[in-house]
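Examining the three-dimensional arrangement
Below are the chains, spelled out letter by letter.
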Number of protein chains: 2
Amino acid sequence: MSKCSQRHHKHSHSHSCNHPQSDLSELTAKLRKNARKITGPRQAILDLLRQHPHPMTNKEIQAGLPEGMCDLATIYRSMHMLEEMELVKRFDFGDGTARFELVHEGEDGHHHHLICTVCADVVEIDECFQQELEDAIAKRHGYQAVTHKLEFFGVCPECQEDAKKAREKKGK
Amino acid sequence: MSKCSQRHHKHSHSHSCNHPQSDLSELTAKLRKNARKITGPRQAILDLLRQHPHPMTNKEIQAGLPEGMCDLATIYRSMHMLEEMELVKRFDFGDGTARFELVHEGEDGHHHHLICTVCADVVEIDECFQQELEDAIAKRHGYQAVTHKLEFFGVCPECQEDAKKAREKKGK
DNA sequence: GCCAGTTATGCAAACCTTTTGCAATTCAGG
DNA sequence: CCTGAATTGCAAAAGGTTTGCATAACTGGC
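We now turn to the structure provided with this report. (Residues numbered from 1 in each chain as written. Chains lettered and ligands numbered in written order. Predicted model: local features only at pLDDT ≥ 70, side-chain atom pairs only at ≥ 80, totals over all residues. Heavy atoms only, no water.)

All right, on to the protein's contact with DNA strand D then. As a matter of local geometry, DNA strand D sits amid 23 residues, with Arg-42 and Thr-74 of chain A together with Lys-59, Tyr-76 and His-80 of chain B nearest to it. Backbone atoms, meaning sugar plus phosphate, form 68% of the atoms of DNA strand D positioned within 4 Å of the protein. Thr-74 of chain A is positioned with one of its side-chain polar atoms (N or O) 2.6 Å from a phosphate oxygen of DNA strand D. A distance of 2.8 Å is found between a base oxygen of DNA strand D and a side-chain nitrogen or oxygen belonging to Lys-37 of chain B. For the surface near DNA strand D, the elements supplying multiple residues, two or more each, are α2 (40–50) and α4 (72–84) of chain A together with α4 (72–84) of chain B. (Near = heavy atom within 4 Å. Polar contact = N/O pair within 3.5 Å; in protein donor to acceptor, adjacent residues only side chain to side chain. Helix = DSSP H or I, 4+ residues; strand = E, 2+ residues; numbered from the N terminus.)

The structure is reproduced here in structure tokens:
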């Protein structure tokens, strides 16, 4: 599995780019290969994810779809399937709710996030620590197929401002 | 569950050392300071955690306590309190269940784990990537008070063996 | 030591996210 | 277009975690 060793997507988030039809074709191909069906809900979910630069919860996905178009259970099932098919990537922000992001063609979707602990704003982080560290850890303990999950948490500029104002107000 | 639970953890860490009475005194001091009470359940939980080198779930904690000594709800409440008091540290292995580890005196408990995705064996990892990366990320995006959560996942040596045997058997 | 007042606990019910059983529906290939 | 397999919706269940409330336990002051 490829990692994030020397990527340098500066700050650009390829996520906001448009990959017009590509998803559908890729979807079709990948699904067909596994004897899976191309259904309305599945297409709609991928379409929706394509427009979102950040991970979405299943509830958010449902809310983003046309009213009543898709049952929550179907979304859960779809996400499992899409994840297994590596069309989406699952992220865990530590709040007990899974989030999913579209994986773009040719990428493996491995990256991290910086999440505001106050307002839950999300910034995509494309850099990662050196691969050597992971390799060293794997080797030292004899583990294989080692991967990692990494997320950053902090307070975003806006919330810092808010906090500051709140303090001033209180001080008066 | 614990096929590989108590194996040689070669590079054992400070976590397996004994800090005899220290916890109690520290506990008492910290609790008193916050007008909290030193109760049986709370002491028992810390005692139990002191003997465990790896993070425990609330259920495991309850199971490790004398039969019927403590309600699950009490454990949940205790862990919240102990976490806020920085006597324990919460970890998230991505399986939707919180785990807690004792924080030893003078430490902040920040470290990571390497978890076997097959048998759930855990190895403590004391190293971390360079602080500079985190600082750079924080600065670039204007975030403050940035921290991170990082866990490694892979297949432990024993489970690699098991898988190998299974393959051979099948091949015959 | 004992009391009063506050903090904790146990128990049961509630909450949330996620999973699952099952009958009805939809899709793909012939 | 038809048929069988895959998928969906709905409702119920399963986990983990939280919460309301009456009862029990702890602490500081007498």
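Moving on from the coordinates now.
Moving on, we get to the side chain of Glu-127 of chain A. Within the element layout of this structure, Glu-127 of chain A appears in the loop between β5 (122–125) and α5 (131–141). Side-chain polar atoms of Glu-127 of chain A contact the side chain of Arg-140 of chain B, separated by 2.8 Å. Glu-127 of chain A has contacts with His-112 of chain A together with Leu-133, Ile-137 and Arg-140 of chain B, leaving out every residue within four places of it along the chain. (Contact = heavy atoms within 4.5 Å.)

Pairing is mixed in the open sheet, where six strands are placed in the order β5(A)-β4(A)-β6(A)-β6(B)-β4(B)-β5(B). Looking at strand neighbours, the two that pair on one side only are β5 of chain A together with β5 (122–125) of chain B, the edges of this open sheet. Taking each pair of neighbouring strands and ignoring which way they run, the sheet shows an average axis angle of 20 degrees. The pairing of strand β4 (residues 112–116) of chain B with β5 of chain B spans four bridges and is classified as antiparallel. Looking at β5 of chain B, one finds that Leu-114 of chain B is bridged to Val-123 of chain B. Along the sheet, α5 of chain A makes contact with β6 (144–155) of chain A together with β4, β5 and β6 (144–155) of chain B, crossing β6 of chain A at roughly 130 degrees. (Pairing = 2+ DSSP bridges. Axes fitted to C-alpha atoms, helices over the stretch in contact; angles between N-to-C directions.)

Residues and elements named next belong to chain B. Where strand β2 (residues 88–92) meets strand β3 (residues 98–102), five bridges bridge the pair, whose relative direction is antiparallel. Bridging from a neighbouring strand, Asp-92 pairs with Ala-98 of β3. The turn linking β2 back onto β3 is made up of five residues, and Gly-94 within it adopts a positive phi angle of 80 degrees.

Residues and elements named next belong to chain B. Judged by pairing direction, the sheet is antiparallel, and its three strands sit side by side in the order β1-β3-β2 without closing on themselves. Two strands close off the open sheet at either side, each with one partner strand: β1 (56–57) and β2. Bridge analysis of β1 against β3 gives two bridges, and the strand direction is antiparallel. By the bridge assignment, Thr-57 is partnered in β3 with Arg-99. The strands that helix α2 (residues 40–51) touches are β1, β2 and β3; relative to β3, the one it contacts most, it runs at about 85 degrees.

Another aspect to go through is the protein's contact with DNA strand C. Around DNA strand C, the structure places 22 residues, and the nearest of them are Lys-59, Tyr-76 and His-80 of chain A together with Lys-37 and Thr-74 of chain B. Looking at DNA strand C alone, sugar and phosphate atoms form 66% of those within 4 Å of the protein. The separation between a phosphate oxygen of DNA strand C and a polar main-chain atom of Ile-38 of chain A is 3.4 Å. One of the side-chain N or O atoms of Thr-39 of chain B is found 3.0 Å from a phosphate oxygen in DNA strand C. Elements represented by at least two residues in the surface near DNA strand C include exactly α4 of chain A together with α2 and α4 of chain B. The element that contributes the greatest number of residues to the surface near DNA strand C is α4 of chain A, accounting for four residues.

Let's shift gears to the relation of the copies chain A and chain B. For the match of chain A to chain B, the screw axis carries a shift of 0.0 Å, the RMSD comes to 0.1 Å, and the turn is 180 degrees. Such a combination of rotation and displacement between the chain copies is what one expects of a two-fold axis. Residues of chain A ranked by C-alpha distance from the rotation axis are headed by Leu-150 of chain A, positioned 2.2 Å from it. Mapped onto chain B, 100% of the interface residues of chain A are again interface residues, and the two copies thus contact each other with one and the same surface. (Least-squares fit on C-alpha atoms with pLDDT ≥ 70 in both.)

Structural measurements only, silent on function.
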